[in-house]
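# Analysis of the macromolecular model
If you want the building blocks of each chain, they are given just below.
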Amino acid sequence: MTVHLEVADGVGTLRLDRPPMNALDTATQDRLKELAEQATARTDVRAVVLYGGEKVFAAGADIKEMRAMDHAAMVLRARALQDSFTAVARIPKPVVAAVTGYALGGGCELALCADYRIAADDARLGQPEILLGLIPGAGGTQRLSRLIGPSKAKDLIFTGRQVKADEALALGLVDRVVPAAEVHEQAHAWAARLARGPAIALRAAKEAVDTGLETDLDTGLAVERNWFAGLFATEDRERGMRSFVEEGPGRAKFT
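These remarks concern the structure in this document. (Residues numbered from 1 in each chain as written. Predicted model: local features only at pLDDT ≥ 70, side-chain atom pairs only at ≥ 80, totals over all residues. Heavy atoms only, no water.)

Moving on, we come to the nonpolar core. With 60 residues, the main nonpolar core has L50, F57, V99, L125 and L173 as its most contacted residues. The leading source of residues in this core is helix 8 (residues 183–195), at six residues. If sequence neighbours within four positions are ignored, L173 has contacts with C108, L112, R117, L125, L144, L147, I148, L156, V163 and A168. (Core = buried A, V, L, I, M, F, W, Y, C linked by side-chain atoms within 4.5 Å. Buried < 20%, exposed > 50% of the residue type's maximum accessible area, 1.4 Å probe, protein only. Helix = DSSP H or I, 4+ residues; strand = E, 2+ residues; numbered from the N terminus. Contact = heavy atoms within 4.5 Å.)

Moving on to a nonpolar patch on the surface. Taken together, the side chains of I63, L132 and L134 present a nonpolar region at the surface, about 260 Å² in accessible area. Relative to the helices and strands, L132 resides in the loop between strand 7 (124–126) and helix 5 (140–148). (Patch = residues over 30% accessible without salt bridge, like charges linked within 9 Å, V, L, I, M, F, W, Y side chains within 5 Å. Areas by Shrake-Rupley, 256 points an atom, 1.4 Å probe, with all protein chains shown as cover. Salt bridge = Lys/Arg side-chain N within 4 Å of Asp/Glu carboxyl O.)

Trans is the common state for peptide bonds, and a negative phi is the common state for residues other than glycine. Here the bond from P19 into P20 is cis, since omega is 5°, no more than 30 degrees from zero. The backbone of D9 sits at a positive phi, close to 55°, despite the residue not being glycine. Of the residues examined, D9 reaches a relative accessible area of 75% and is grouped as exposed. The residue N22 is not glycine, and still its phi comes out positive at about 55°. Its place among the elements puts N22 in the loop between strand 2 (11–16) and helix 1 (26–41). For N22, a relative accessible area of 4% puts it in the buried group.

It is worth spelling out the pattern of salt bridges at this point. In the structure shown here, the tally under the stated rule is 13 salt bridges. For D62, the salt bridge goes to R18, with nearest N and O atoms at 3.1 Å. Within this pair, whereas D62 is found in the loop between strand 3 (47–51) and helix 2 (63–67), its partner R18 is found in the loop between strand 2 and helix 1, the two being separated by 44 residues in sequence. You can call D62 buried: its relative accessible area is 14%. The class for R18 is partly exposed, based on a relative accessible area of 23%. R79 serves as the salt-bridge partner of D83, at 3.2 Å between the closest nitrogen and oxygen. Residue D83 and its partner R79 are both found in helix 3 (residues 71–89); the two are separated by four residues, about one turn of the helix. Residue class for D83 comes out partly exposed when judged on its relative accessible area of 28%. Salt bridges here are not isolated pairs; linked through shared partners, they connect R18, D25 and D62.

Right under this line is the structure:
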């Protein structure tokens, strides 16, 4: 298998495993979708780490496979390609990308599906599809522009250039840069902390933010309002407020 889901202590690690560069061929895309849906459904998965290993996150699509595809073949495949990444983006739990080495093309687009990105200090990210006479096709034109703004996204997409970790941090493409040896450890710690949090409230927070970015302010406020009121029916809300009153902030243990 080219993707694995490993679960421990509430954290599910979606691990790409297609050496040497974790090229995202169609089989890997399909497997990614399958396991993202499993991570969504499994109650023992409360947060997710996207990881490609110590040397590389994912260097993009399998160019040899794509070169053999004509227009008709890609018309049939393009939706499945996007759906595999959307399945990751729609995991209703905190998701962090642990970016090592290269995250290019589809690899960068996969990192964009996470809620938070921790990158190695020697990582390189980019959308080089234009150099193949193409554009990003797994969400890059949409998620990248929403994350860093249209003009900065266009610069990366139009030129196809790779950015080092420090520039990616300045652009807002990644959220934290750490020594390469610490990437997975810090990503796992981020996920583990949230895995101990109130699962329904975290789901609500993610849905409210993501929906709000895709709609008008009034609709976003309505989503927030409905979730906010609905959480008053949860045991976690009762537990959190009782702990705050009796013990002070930040001491609640959620189940």
